[in-house]
Amino acid sequence: MYLLLSAMRRTKADTEKTRQQILDAARRVFAERGVSRSSLEQVAAAACMSRGAIYWHFANKIELFSAMREQVSMDMFERMGAAQLGKDVEDPLGAVRDSILEILHGLEADERVREAFGILSLKCEYVGEFAEVLGRILQSADAWTDKLTLSYIHAQRLGLLRTGLDPRLLAVESRSFIFGLVRLWLMDVGGTTVRPQARDMIDTHVAMRRA
């Protein structure tokens, strides 16, 4: 029984390792060629495995692309969760600032995150069969907007928010701000315009909301 369980654990670990190898290869291929110009055959070559191995784990390119996106999105939401976003903390506006800074830190420190966000923002056309993928991305963004709204509501109740501001509208505005900032940050490859000022921009964005 012990040998059977041990073999099962090894098989599961090997399967997950192969799946991750495919995801890493897909990210590199998508980043280099763009999603529409990439094929599963090219991903298989980059992963140094057969096309059949790719199909064993992913039925098609959309499924592979979605898995790559979900993996990075989950990592980023875990980072943001560490900032207590959406919870009744002592300084909810500080939590908003920290959550946005965590996204920026992920872009700066993790090549995997940087590549994936570059693909999502700049290397994919969300048309045809990929329109459904865009819908799932927007659902994730809606969940983040809900947490931002709660943070702004808490700030309002604590008297930390400027009077006359609508928490939901502020949340939508912050969502638009970070989406735009990420896109411009990725485009600023030379680091001459947006990247050097990104943290100051985030500080200003949140400071303008404080009472």
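Procedures and definitions
Residues numbered from 1 in each chain as written. Predicted model: local features only at pLDDT ≥ 70, side-chain atom pairs only at ≥ 80, totals over all residues. Heavy atoms only, no water. Helix = DSSP H or I, 4+ residues; strand = E, 2+ residues; numbered from the N terminus. Buried < 20%, exposed > 50% of the residue type's maximum accessible area, 1.4 Å probe, protein only. Contact = heavy atoms within 4.5 Å. Polar contact = N/O pair within 3.5 Å; in protein donor to acceptor, adjacent residues only side chain to side chain. pLDDT = per-residue confidence, 0-100. Expected span 1.5 Å × (residues − 1). Phe/Tyr/Trp six-rings, centres within 6.5 Å; stacked < 30°, edge-to-face > 60°.

1. A closer look at the environment of leucine 64
Looking at where leucine 64 falls in the secondary structure, it is placed in helix α4 (residues 61–81). In this structure leucine 64 comes out as buried when scored by relative accessible area, which is 0%. With 24 residues separating them along the chain, leucine 64 and leucine 40 place their C-alpha atoms 9.0 Å apart. Aside from chain neighbours lying at most four places away, what touches leucine 64 is Ile22, Leu23, Ala26, Phe30, Leu40, Val43 and Phe58.

2. As for the side chain of threonine 145
Note that threonine 145 resides in helix α7 (residues 131–157). According to the relative accessible area criterion, threonine 145 is buried, its value standing at 1%. Looking at threonine 145, its side chain comes within polar contact range of the side chain of arginine 175, at 3.1 Å. Not counting the four nearest positions on each side in its chain, threonine 145 is found in contact with Arg168, Ala171, Val172 and Arg175.

3. Here's the deal with the confidence of the model for the protein
On average, residues of the protein score 88 in pLDDT, and 90% of them reach the 70 mark or higher. The least confident element of the protein is helix α1 (residues 2–33), whose mean pLDDT is 77; the most confident is helix α9 (residues 198–207), at 97. Across residues 2–8, confidence stays below pLDDT 50; counting only partners more than four residues off in sequence or on other chains, it has 1 contact.

4. So, helix α5 (residues 92–109)
With 18 residues, α5 ought to run about 26 Å at 1.5 Å a step, and its terminal C-alpha atoms sit 25 Å apart, in line with that. Of the positions making up α5, those classed as buried are Pro92, Leu93, Gly94, Ala95, Val96, Ser99, Ile100, Leu101, Ile103, Leu104, Gly106 and Leu107.

5. A closer look at the packing of aromatic side chains
Inspection of every chain in the model, using the stated rule, returns 2 aromatic pairs. Plain terms: the ring middles of phenylalanine 30 and phenylalanine 65 are 6.1 Å apart, the flat faces sit at 55° to each other, and that makes the pair tilted. Taken together, the residues span a long stretch of sequence, with phenylalanine 30 in helix α1 and phenylalanine 65 in helix α4 at a distance of 35 residues. Assigned by exposure class, phenylalanine 30 and phenylalanine 65 land together as buried. For the ring pair phenylalanine 65 and phenylalanine 130, a centre distance of 5.4 Å and an interplane angle of 75° mean the geometry is edge-to-face. With a gap of 65 residues between them, phenylalanine 65 in helix α4 and phenylalanine 130 in the loop between α6 (111–122) and α7 connect regions that are remote in the sequence. Across the pair, phenylalanine 130 and phenylalanine 65 agree in class, each one buried.

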